[in-house]
Amino acid sequence: MDELLDLLNSRPLVNGEERDALGDPARGRRWAREHGGEGSLAELALLREARDALQRVVRGESSPAALSPLLEGVHQIPEITSDGLRWTVRTPPHARLAVEVVLAWAATEERLPGRLRPCANDQCRLFLLDRSRANRARWCSMAVCGNREKARRHYERTR
């Protein structure tokens, strides 16, 4: 699940300027390796494609079917181990990380439906996974986005 949020949040706005962790090949390779990938250019291209598709799906701009091309040629193989049944994902090496992120999204939607969402701050591009009991989290960070929004509303009320 960490890879899912990390990928979704890999292109934030910082002081109004986009910072794409996958945009520059050197930084992208480092990002991929830090998340268990190989860092190849093919992997980076697929990660960018997966990120963009997942962002559109989470925002409700695309249907989950938009993720289907990312899973072409992927197979799950059942294995019996001493701990029971385990499923192993078989995919080309450059696609493994992107596939794992898409599968993490599917698992999140199954276990925590509606809790993965974009930050409510219109000036923010980050996403959050609401783990609160009430399922009412709105901001990626209460200290940053939540505080700004509350200050803005307070200012409008007192004007």
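To be clear, the structure that these remarks concern was listed above.
In this report, the structure presented in the accompanying data block is examined. (Residues numbered from 1 in each chain as written. Predicted model: local features only at pLDDT ≥ 70, side-chain atom pairs only at ≥ 80, totals over all residues. Heavy atoms only, no water.)

Digging into the overall build of the chain
Counting its regular elements, the chain contains five helices and six strands. For the chain, the succession of helices and strands along the chain, N to C, is α-β-β-α-α-β-β-α-β-β-α. Within the span of the chain, comprising 159 residues, buried residues form 33% of the whole. For the chain, the share of sequence-separated contacts (at least 6 apart) that also reach a separation of at least 24 residues comes to 43%. Within the structure as shown, the chain displays about 9,800 Å² of accessible surface, and the carbon and sulfur contribution to it stands at 49%. (Helix = DSSP H or I, 4+ residues; strand = E, 2+ residues; numbered from the N terminus. Buried < 20%, exposed > 50% of the residue type's maximum accessible area, 1.4 Å probe, protein only. Contact = heavy atoms within 4.5 Å. Areas by Shrake-Rupley, 256 points an atom, 1.4 Å probe, with all protein chains shown as cover.)

Quick look at the pairing of strand β3 (residues 75–81)
The pairing of β3 with strand β4 (residues 84–90) spans seven bridges and is classified as antiparallel. Looking at β4, one finds that E79 is bridged to R86. Between β3 and β4, which pair antiparallel one after the other, the connecting turn spans two residues. (Pairing = 2+ DSSP bridges.)

Comments concerning the nonpolar core
Counting 28 residues, the largest nonpolar core has L4, L7, L47, L54, L67, W105 and L116 as the members making the most contacts within it. At the level of secondary structure, the elements contributing two or more residues to this core comprise α1 (2–8), α2 (25–34), α3 (41–59), α4 (96–111) and β6 (127–129). The element contributing the most residues to this core is α3, with eight residues. In this view, L4 contacts L54, V101, A104, W105, T108 and L116; residues no more than four positions away in its chain are not counted. (Core = buried A, V, L, I, M, F, W, Y, C linked by side-chain atoms within 4.5 Å.)

A word on the environment of E3
Counting through the fold element by element, E3 comes out in helix α1. E3 gets classed as partly exposed once you look at its relative accessible area, which sits at 31%. Along the backbone, E3 and L97 are 94 residues apart, and their C-alpha atoms lie at a distance of 8.7 Å.

Some words on the packing of α3 against α4
For any two helices packed against each other, one specifies the inter-axial angle together with the distance between the axes. In contact at an axis separation of 9 Å, α3 and α4 are set at 15 degrees when each is read in the N-to-C sense. Classed by the angle they form, the pair α3 and α4 counts as roughly parallel. The way α3 lies across α4 gives a crossing that is right-handed. Contact residues: α3 offers E43, L46, L47, A50, L54, V57 and V58, while α4 offers L97, A98, V101 and W105. Of the residues in the contact of α3 with α4, the class split is ten nonpolar, no polar and one charged. (Axes fitted to C-alpha atoms, helices over the stretch in contact; angles between N-to-C directions. Parallel < 35°, antiparallel > 145°, perpendicular 65-115°, else oblique. Left-handed = near helix turned anticlockwise from the far one by under 90°. Nonpolar A, V, L, I, M, F, W, Y, C, P; charged D, E, K, R; others polar.)

Focus on unusual backbone geometry
Positioned with a positive phi, N135 is a non-glycine residue whose angle comes to about 55 degrees. By the element assignment, N135 lies in the loop between β6 and α5 (142–158).

Focus on the side chain of N121
Within the secondary structure, N121 is located in the loop between β5 (116–118) and β6. N121 sits in the buried class, given a relative accessible area of 9%. If we ignore the near neighbours within four places in the chain, the residues touching N121 are W139 and C145.

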